[in-house]
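Descriptive structure summary
Listed below, chain by chain, are the residues.
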Amino acid sequence: MTELSFILNGGEVKISVDDNELLCDVIRDKFNLKALNVGCDTSSCGACTVLLNGVGVKSCTVLAQQVESQEVETLEGLSKDGELHPVQKAFKEKHGLQCGFCTPGMIMQGVSLLNGSNELSESEIRIGIEGNICRCTGYQTIVDALLLAQCEINK
Amino acid sequence: MLIAPITMNAESYIGKRIERIEDNKFITTGATYVADVKGGSELFVEFLRSPIAHGRIMSLNVDKAKASPGVEAIYCSEDITLVDINPPIPLLNAKMVRPYLARDRVRFVGEPIVLVVANSARNALKAIEEIEIEFEDLEAVVSLDDSFKGEVLLFDESESNVMFRSDFTSEDGDRFFDGCDVFAAETIVNSRVAPCPLEGRSAMASFDGEKLTVHLSTQAPHSAKSTLLKVLGLESENVHVIAPDVGGGFGAKIGTYPEEILVAYVAIALVESDGESPNTPKGLKSVRWSESRNESMISLGHGRGQRQRIEIGGTKEGRITHYRLSVMQDGGAYPMMGAFLPFFTRRMVKGCYDIQKVDFMAVSVATNTTPVVAYRGAGRPEATYAIERAVELFARKAGLDPADVRRKNFISEFPYDTGFGSVYDSGAYLTALEKVLDYVDYKSLRAEQRKMRNMKDSNKSLGIGISSYVEVTHGFPASEFGSVKLNSDGTIFATSGTFPHGQGHGTTFAQIIADELGLSLEKIEVFFGDTDIIPRGVGTFGSRSVQSGGVALSRASKGLIDKTLDLMKSEFLDSSVFFESGWFFVDDRKFSWEDIARLAGSSNLECQVDYAADSPTFPFGAHVCIVEVDVETGVVVIKRVVALDDAGRIINRLLADGQVFGGLAQGISQALYEEVIYDENGNPLTSTFADYGIPSATEFTKFERLEMETLTTVNELGAKGIGESGTIGITPCVVNAVCDALSHLGIDHIDMPLTPFKVYSAIRERSS
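If you're wondering where the values come from, they're calculated on a predicted model, not measured in any experiment. (Residues numbered from 1 in each chain as written. Chains lettered and ligands numbered in written order. Predicted model: local features only at pLDDT ≥ 70, side-chain atom pairs only at ≥ 80, totals over all residues. Heavy atoms only, no water.)

1. A closer look at the packing of aromatic side chains
Residue and element names in this part refer to chain B. The final tally for this structure, using the stated rule, is 31 aromatic pairs over all chains. Cluster of aromatic residues (ring-pair linked, three or more members): Phe164, Phe340, Phe343, Phe344 and Phe476. Sitting over the ring of Tyr257, Arg201 keeps its end group 4.5 Å from the ring centre. (Phe/Tyr/Trp six-rings, centres within 6.5 Å; stacked < 30°, edge-to-face > 60°. Lys NZ or Arg CZ within 6 Å of the ring centre and 35° of its normal.)

In structure tokens form, the structure reads like this:
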């Protein structure tokens, strides 16, 4: 067991974890934050994507103890003071989700992308979400949502 | 009951693009899937699955596993007291019976053999490693031909491997095509694919000594309840099925799987044997199972899996007069819906064309592979693929433009009885095709193609693919339940027996109710997926929901108005009472729904409707796909996808777009990327997302969608279904485009998926 302390959705948290425990399991089972989903066992689907210091990572590929003293943000921490993030708003407006299973990871990956640049083309967005699988939308409305969110952020 | 078509005006919610009401939780805290539902003291189920495709279990010892840390119970086949599973449809081979856990014999890699219950999933998996098992290998039956030959039988009880037969052939046999100027034929494969809902199967069950509660990731919670009642022998009031949010289904979650039933069975068995457990306290236990992706890839049902012989003949002017489709369906190891898919293929065998002589025959056979089930379109994409490839080959043989051949052969009068179990309700196939061809400027595209072919040193070849399709939705019209109830604050609580798992019925149905009652959308809540709250229901599949559940709610809304009018008439005797645009008028006074709620007090203003449509509906459309094929590498790049899908009245344009786009992606993906592959010993080679061709955003281009609404008269909404149309039309369209790009090289057909390797190999074979 390792004593772990990190910032989760803006607040400092402390917890003891097994050495082989994955970040996705710790977030889901120990902090009861159930937004992120585990959709595969090969780090292919990206449904578990969270932000680590503002950058999207697949939390099934991160050992919990690796986030010591780092900042982790999940979908639950994204809206501030009840105000939705532009990416969240855009997903609703553009119908960027259907069954919703990929959505928490997809939104966080979208936020990560837009954190990195505010002048992404459609094809750069497609490449940027390549690690996140969606089976419902054909990606079109997700790409539209991220383009819209980029517009909103740049306003 | 005949009801006048709905009337609409500028204020109507129906027909608009409206954001989903249900999205707020999805984008803030995430949805609640079965794995997110909190249970009582939790136990976890995992399965030992067969590592071989076909064999006998020679010895099985679970003693060590029983002593493994955290293990609560272990079940082998002989510990399960349930009656074995019969095929889901009476027309399937009744001798092919499936035990819940493999008994003596295993028939596919992934078949469950032992069920382990432990205090954590991890401990259950560790215990599985302690199970000692020995097999005697039997020859695996993987190919359709081997199965049909029947030298190795999957079931000792059955004298053949045939699961299902359908024969609609004339006596003409060899002379069937006599007199045709033009004849084309090809054997083509509609590849086996994995449905891949992003949430795999998941079940959680608890039993309090009397009542069984099951949370299930399903498309049809009421059907699941019926299955559980029948299998477990419980009374209706003692089974409660709850489908929380469900992360996709695509047909694979219509039926209830052995693993899911076993979770419920174990929940009951553990309570009945309570008191002996060392690991968990007495009291309510929740037994849960959520499959891994690997489990899902090998034991959730697969889709498609047909080999087809297409033969087509007609005049040199391009009139198609003869068509014969012979299907061999891979049913997998046990008969499920997959074995029955040819039935749906047969119904749509003619496609959009008025062909005089058509023969159809099909055989479904068992193989040592994962059972095949329904997958988005279920039998109809296979029919469309066959006829649209056949028309293409016919046009090529006749030296005619494929668009012209379609124009000459479309069915144009409705209703149209195909003679194969379908009566097309309404359609405008020619208009649909002309619209897409105009939109892409087909003539100029052909000119550009010629120009490119004449350019020397160009390794790029342009391909233009067309498909016209008609499909059947709500194929077996079954009664669907809907209720609309006035709350005490004047808002509406409605329930439906359909079950959305991504489609957004919560918004679509609220639009229908809001228009009928003259209320604003936010006053309406539509609730799904709980068999204790919703008395009856069927579920969501086969693009049935709007035309069954939506119509039921439309009628229940009308019924609520009538009930309210009756109440008003009894309150205000001798007054004129009528309802208009959300208001009840009584002489010179008017009452809102809020007023009514106050007036009604405790009297229950609710209307329940069970609505069964008289017949299915037949959406149709035309797709165009433009590809560029690199003839040196075999790489196919999709340049444009244009889809016109006409499903009658569209309730919510935003959500209809979503259904079409998602369907297009799955259909394109089958054409280019996806295929479930087995080696000759029945080992699955595509059992994770790392080996299976699951597409990402970079595999697709922006889809262009054209709208058209040819209403049906089957229901007063005028609505058909749109959940599967994209998948049905686009797959042959893409293959037609790629084959069109290679036509000058003498390549008529390449089987899906059209990977660079396959395309390159076909080109090389031709040029050497």
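2. Side note on the sheet that holds strand 9 (residues 202-207) of chain B
All names here are of chain B. Ordered by their spatial adjacency, seven strands build an open sheet running 3-5-1-12-9-10-11, and the pairing between neighbours is mixed. The open sheet is flanked by strand 3 (71-75) and strand 11 (239-242), the only strands paired with a single partner. Averaged over all pairs of adjacent strands, the angle between their axes in this sheet comes to 20 degrees, without regard to strand direction. Note that strand 1 (residues 41-49) and strand 12 (residues 285-290) share four bridges and pair parallel. (Pairing = 2+ DSSP bridges. Helix = DSSP H or I, 4+ residues; strand = E, 2+ residues; numbered from the N terminus. Axes fitted to C-alpha atoms, helices over the stretch in contact; angles between N-to-C directions.)

3. Regarding the confidence of the model for chain B
Of all residues in chain B, 98% have pLDDT values of 70 or greater, and the mean over the chain is 96. The complex prediction reports pTM at 0.97, with the ipTM value standing at 0.98. (pLDDT = per-residue confidence, 0-100.)

4. Focus: the domain arrangement of chain B
All names here are of chain B. Domain boundaries in chain B define domain 1 (23-31 + 478-611), domain 2 (34-138 + 201-290) and domain 3 (303-474 + 616-767). Computed over C-alpha atoms only, the centres of domain 1 and domain 2 are separated by 38 Å. With 18 residues of domain 1 in contact, the opposing surface of domain 2 contributes 21 residues. Here domain 1 packs against domain 2, burying approximately 1,400 Å² in sum over the two surfaces, 50% of which is carbon and sulfur. Summed over the three residues of domain 1 that lose the most area to domain 2, namely Phe499, His501 and Thr531, the buried surface amounts to 41% of that side. Lys211 is paired through a salt bridge with Asp532; the nearest N and O atoms lie 2.8 Å apart. On inspection of domain 1 and its partner domain 2, the count reaches nine residue pairs in polar contact (both at pLDDT 80 or more). Class assignment of the residues belonging to the side of domain 1 that touches domain 2 gives a composition of seven nonpolar, seven polar and four charged. (Domains from an automatic or database assignment. Contact = heavy atoms within 4.5 Å. Buried area = accessible area lost by both parts, 1.4 Å probe. Salt bridge = Lys/Arg side-chain N within 4 Å of Asp/Glu carboxyl O. Polar contact = N/O pair within 3.5 Å; in protein donor to acceptor, adjacent residues only side chain to side chain. Nonpolar A, V, L, I, M, F, W, Y, C, P; charged D, E, K, R; others polar.)

5. Structural notes on the packing of helix 13 (residues 505-517) of chain B against helix 14 (residues 545-571) of chain B
All names here are of chain B. Where helix 13 meets helix 14, the axes come as close as 9 Å, and the angle between the chain directions of the two elements is 30 degrees. When the axes of helix 13 and helix 14 are compared, the crossing they make is right-handed. Residues His505, Thr508, Phe509, Ile512, Ile513, Glu516 and Leu517 of helix 13 form the contact with helix 14, whose participating residues are Ser545, Val546, Gly549, Gly550, Leu553, Ser554, Ser557, Lys558, Leu560 and Ile561. Classifying every residue of the contact of helix 13 with helix 14 by side-chain character gives eight nonpolar, seven polar and two charged. (Left-handed = near helix turned anticlockwise from the far one by under 90°.)

6. Re the sheet that holds strand 15 (residues 357-366) of chain B
In sheet architecture, strand pairing relies on hydrogen bonds along the backbone and comes in two forms, parallel and antiparallel. All names here are of chain B. Strands sit in the order 7-15-14-13-8 across an open sheet of five strands; the sheet is mixed. Two strands in the sheet have a free side with no partner beyond their single neighbour: strand 7 (162-168) and strand 8 (182-193). On average, each strand axis in the sheet is tilted by 10 degrees relative to the strand beside it, whichever way the strands run. Note: strand 14 (residues 320-332) against strand 15, ten bridges, orientation parallel. Counterpart to Ser326 in the pairing with strand 15 is Met361.

7. Considering the interface of chain B and chain A
Listed by partner, the interface residues are 50 residues for chain B and 45 residues for chain A. Between chain B and chain A the total buried area reaches about 4,000 Å² when both faces are included, carbon and sulfur atoms providing 56% of it. Between Arg28 of chain A and Asp36 of chain B there is a salt bridge, and its shortest N-O distance comes to 2.7 Å. Summed over the shared surface of chain B and chain A, the number is 25 residue pairs in polar contact (both at pLDDT 80 or more). Put simply, the parts of the chain that give the side of chain B that touches chain A at least two residues each are helix 1 (23-28), helix 7 (293-299) and helix 16 (653-672) of chain B. Per element, the largest residue contribution to the side of chain B that touches chain A is eight residues, and it comes from helix 16 of chain B.

8. Digging into helix 15 (residues 593-600) of chain B
Residue and element names in this part refer to chain B. Residues Trp593, Ile596, Ala597 and Ala600 constitute the buried set of helix 15. End-on, the buried residues of helix 15 take up no more than an arc of 100 degrees, which puts them together on one face. On its buried side, helix 15 packs onto strand 19 (480-486), helix 13, helix 14, strand 22 (577-580), strand 23 (583-586) and strand 24 (589-591). Once helix 15 ends, the next one or two residues include Gly601, with phi positive near 55 degrees. (Buried < 20%, exposed > 50% of the residue type's maximum accessible area, 1.4 Å probe, protein only. Arc of directions from axis to C-beta.)

9. With respect to the environment of Ala612 of chain B
All names here are of chain B. Along the polypeptide, Ala612 turns up in the loop between strand 25 (606-611) and strand 26 (620-630). The class of Ala612 is partly exposed, set by a relative accessible area of 41%. Spatially, the C-alpha atoms of Ala612 and Ser147 are 40 Å apart, while their sequence positions differ by 465 residues. Not counting residues up to four positions away in its chain, the partners in contact with Ala612 are Ala478 and Ser479.

10. A word on the pattern of salt bridges
In the structure shown here, the tally under the stated rule is 54 salt bridges over all chains. Close ionic contact of Lys30 of chain A with Glu21 of chain A constitutes a salt bridge, the shortest N to O distance being 2.9 Å. Among the residues examined, Lys30 of chain A registers a relative accessible area of 36% and is labelled partly exposed. For Arg640 of chain B, the salt bridge identified is with Glu704 of chain B, shortest N-O distance 2.8 Å. Of this pair, Arg640 of chain B sits in strand 27 (residues 636-646) while Glu704 of chain B sits in strand 28 (residues 703-707), and the two are 64 residues apart along the sequence. Assessed through its relative accessible area of 25%, Arg640 of chain B is described here as partly exposed.

11. So, the side chain of Thr491 of chain B
In this structure, Thr491 of chain B sits in the loop between strand 19 and strand 20 (492-496). Among residues more than four places away in sequence, those in contact with Thr491 of chain B are Lys485, Leu486 and Lys523 of chain B.

12. Remarks on the packing of helix 5 (residues 221-232) of chain B against helix 6 (residues 258-272) of chain B
Residues and elements named next belong to chain B. The contact between helix 5 and helix 6 brings their axes to 11 Å, and the two run at 55 degrees. Taken as axis vectors, helix 5 and helix 6 run oblique relative to one another. Read as a crossing pair, helix 5 and helix 6 show a hand that is right-handed. Across the interface between the two elements, Thr227, Leu228, Val231 and Leu232 from helix 5 touch Ile261, Ala264, Tyr265 and Ile268 from helix 6. Of the residues that constitute the contact of helix 5 with helix 6, the class distribution is seven nonpolar, one polar and no charged. (Parallel < 35°, antiparallel > 145°, perpendicular 65-115°, else oblique.)

13. Looking at helix 9 (residues 380-398) of chain B
Residues and elements named next belong to chain B. Look at helix 9: 27 Å from first C-alpha to last across 19 residues, which is about the 27 Å you get at 1.5 Å a residue. Across the 19 residues that make up helix 9, a large majority, 17, are buried. Just downstream of helix 9 lies Gly399, where phi reads positive at about 70 degrees. (Expected span 1.5 Å × (residues − 1).)

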